[in-house]
Amino acid sequence: MFRLLAVAVLFAAAACSSGPEAPDQSGYVAEVEEERAAKDREFAAQSDPVPPEKRDRLLPLPYYPPNLDYSVPAVLQLAEQRPIFEVPTSTGVIRRMQRVGVLAFTLQGKPMTLGAFVEEGTQRINELFVPFADLTTGKETYPAGRYLYLQPTGTGIYTIDFNRAFNPYCAYNEKYDCPYPPPSNRLNVEILAGEKAPRT
């Protein structure tokens, strides 16, 4: 009952023209840009995932400008049983993953969902894996999709911030084994936020 009420409250708030008070745009932009700069510094200082011979071409990583319109509240609708998905990867290996539940949210005035996954056999959930593709995939963004990781909450209420969407490591280095988003996690909108495709 609580979960259904939370869903109703969430979508009522999302539909309201005023909505919850938005975070300070300038502070948010500075925070996201510093995270991106720190990631560039980290990648430049180590040999993985960006090989040294590719650093000049790939770094700094390309991104869409931060945009708070792509940071939205979501409710995790837990599965009664965690269905198993056989997920193909960039190396051709099949990985078995469990769908913990479905994140329901509203973006651009449209209700949407994304499945949240863990590796099969996970007992203690430390993070939720949310791979996705959208209408920019294979055009402005990486052809194999992009990822989000979310920390579990006790309320089931989350923030999906597409400004923090990032490429799998196989975008920079073919030795990595990267799961592809399942068909249910392919959004029929352009997500003009987060990391873009690597420079060629």
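Up top is the structure.
First, a word on what this report is: a plain description of the structure on this page. This is a predicted model, so every value here is computed, not measured. (Residues numbered from 1 in each chain as written. Predicted model: local features only at pLDDT ≥ 70, side-chain atom pairs only at ≥ 80, totals over all residues. Heavy atoms only, no water.)

### Notes on the nonpolar core
Argument step 1. Grouped together as the largest cluster of nonpolar side chains are 25 residues, with contacts concentrated most on Leu103, Phe105, Leu107, Leu128, Ile160, Phe162 and Ile191.
Argument step 2. Residue contacts for Leu103: discarding those within four places in its chain leaves Ala74, Val75, Leu76, Met112, Thr113, Leu114, Ala116, Val130, Leu150, Tyr158 and Ile160.
Argument step 3. The next biggest cluster of nonpolar side chains, apart from the first, holds 18 residues, and it includes Phe43, Leu61, Tyr63 and Phe166. (Core = buried A, V, L, I, M, F, W, Y, C linked by side-chain atoms within 4.5 Å. Buried < 20%, exposed > 50% of the residue type's maximum accessible area, 1.4 Å probe, protein only. Contact = heavy atoms within 4.5 Å.)

### Side note on the pattern of salt bridges
Between side chains of opposite charge, pairing is possible as soon as their charged atoms come close.
Argument step 1. This structure, assessed with the given rule, holds 11 salt bridges.
Argument step 2. For Glu35, the salt bridge is made with Arg164, and the minimal N-O distance between the two is 2.9 Å. Remark: Arg164 occurs in the segment after strand E7 (157-161) and Glu35 occurs in helix H2 (residues 25-45); sequence separation between them is 129 residues.
Argument step 3. Since its relative accessible area comes to 29%, Arg164 is described here as partly exposed.
Argument step 4. Linking Arg95 and Glu119 is a salt bridge whose minimum nitrogen-to-oxygen distance equals 2.3 Å. On the criterion of sequence distance, the pair formed by Arg95 in strand E3 (residues 94-107) and Glu119 in strand E4 (residues 110-119) is long-range, its members being 24 residues apart.
Argument step 5. You can call Glu119 partly exposed: its relative accessible area is 33%.
Argument step 6. The structure contains a network of salt bridges with shared partners spanning Glu31, Glu35, Asp161 and Arg164. (Salt bridge = Lys/Arg side-chain N within 4 Å of Asp/Glu carboxyl O. Helix = DSSP H or I, 4+ residues; strand = E, 2+ residues; numbered from the N terminus.)

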